[in-house]
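Survey of secondary and tertiary structure
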Amino acid sequence: MKYLVRALKYFLYFVLLLVVILAVLILLGLAESDPSTLFRNGYDSYWQIALMFAALAALYPMFGFMKKDVLAPGEYSEIRSGVIDTMASRGYELEKEEGENLSFRLRSRAARISRMWEDRITLTRGFSGFTMEGLRKDVVRLSYAIESKFRNDEQ
């Protein structure tokens with residue numbers, strides 16, 4: 001269900017982005033406002049563009065989100081504050097804590113809006129640290145930061 005909601009969000013995002021770009025071009029006089037001259041195939045282009053956006057939106061959640069194991073050795077009580085501090089230094093705040101599982105959200109409203117409220121990073125406690133889940137670029141960046149924090153502490 002989460003996958004379908006994400007795909008629908010991205011479809012609407014792509015459509016909104018196209019509408020804004022076309023509106024700016026039309027207002028600046030760089031494009032015609034008549035769809036029959038604006039697009040090569042005229043009105044048929046609407047369903048073609050929608051089909052292309054639907055395919056892209058259906059695939060994006062598969063590649064845009066990921067899970068990654070994060071090495072954070074030690075007892076949860078020992079590493080908890082280090083994880084929270086590291087996430088806070090990267091602009092995240094603790095949203096909820098359930099047992100040894102943590103959930104973070106971005107503090108900045110502008111950053112949350114730019115990511116269509118898909119800014120949640122979840123850390124699920126595992127044997128050697130955590131399993132981090134969220135946007136691919138954020139998971140890679142934040143997992144490296146957490147691993148570096150505990151690797152530097154040990155040395």
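For the structure, see preceding data.
Residues numbered from 1 in each chain as written. Predicted model: local features only at pLDDT ≥ 70, side-chain atom pairs only at ≥ 80, totals over all residues. Heavy atoms only, no water.

What follows covers helix 1 (residues 2–27). Relative to the 38 Å expected for 26 residues at 1.5 Å per residue, helix 1 spans 37 Å between its end C-alpha atoms, a close match to the ideal helical length. Within helix 1 the residues assigned to the buried category are Arg6, Ala7, Tyr10, Phe14 and Leu22. Elements that come into contact with the buried residues of helix 1 comprise helix 2 (35–38), helix 3 (44–64), strand 1 (65–71) and strand 5 (129–135). Positive backbone phi, approximately 75°, marks glycine 29, located one or two places after helix 1. (Helix = DSSP H or I, 4+ residues; strand = E, 2+ residues; numbered from the N terminus. Expected span 1.5 Å × (residues − 1). Buried < 20%, exposed > 50% of the residue type's maximum accessible area, 1.4 Å probe, protein only. Contact = heavy atoms within 4.5 Å.)

For the rest of this paragraph, the subject is the environment of leucine 4. Considering the arrangement of structural elements, one finds leucine 4 in helix 1. A relative accessible area of 58% places leucine 4 in the exposed class. Remark: the alpha-carbon pair of leucine 4 and phenylalanine 53, spanning 49 residues in sequence, is separated by 14 Å.

Now for the sheet that holds strand 4 (residues 121–125). In any sheet, the strands associate via hydrogen bonds between backbone groups, in a parallel or an antiparallel arrangement. Within the open sheet, the 5 strands sit side by side as 1-5-4-3-2. Their pairing is antiparallel. The open sheet is flanked by strand 1 and strand 2 (92–98), the only strands paired with a single partner. Each adjacent strand pair in this sheet contributes to an overall mean axis angle of 20°, direction not counted. Sheet contacts for helix 4 (residues 76–89): strand 2, strand 3 (101–106), strand 4 and strand 5; angle to strand 2, the most-contacted strand, approximately 150°. (Pairing = 2+ DSSP bridges. Axes fitted to C-alpha atoms, helices over the stretch in contact; angles between N-to-C directions.)

This part covers the environment of lysine 96. Tracing the backbone through its elements, the reader meets lysine 96 in strand 2. Residue lysine 96 is classed as partly exposed on the basis of its relative accessible area of 43%. Sequence separation between lysine 96 and threonine 122 is 26 residues; the distance between their C-alpha atoms is 9.5 Å. Contact partners of lysine 96, with chain neighbours within four places excluded, come to Asn101, Leu102 and Ser103.

Honestly, it's all geometry; don't read function into it.
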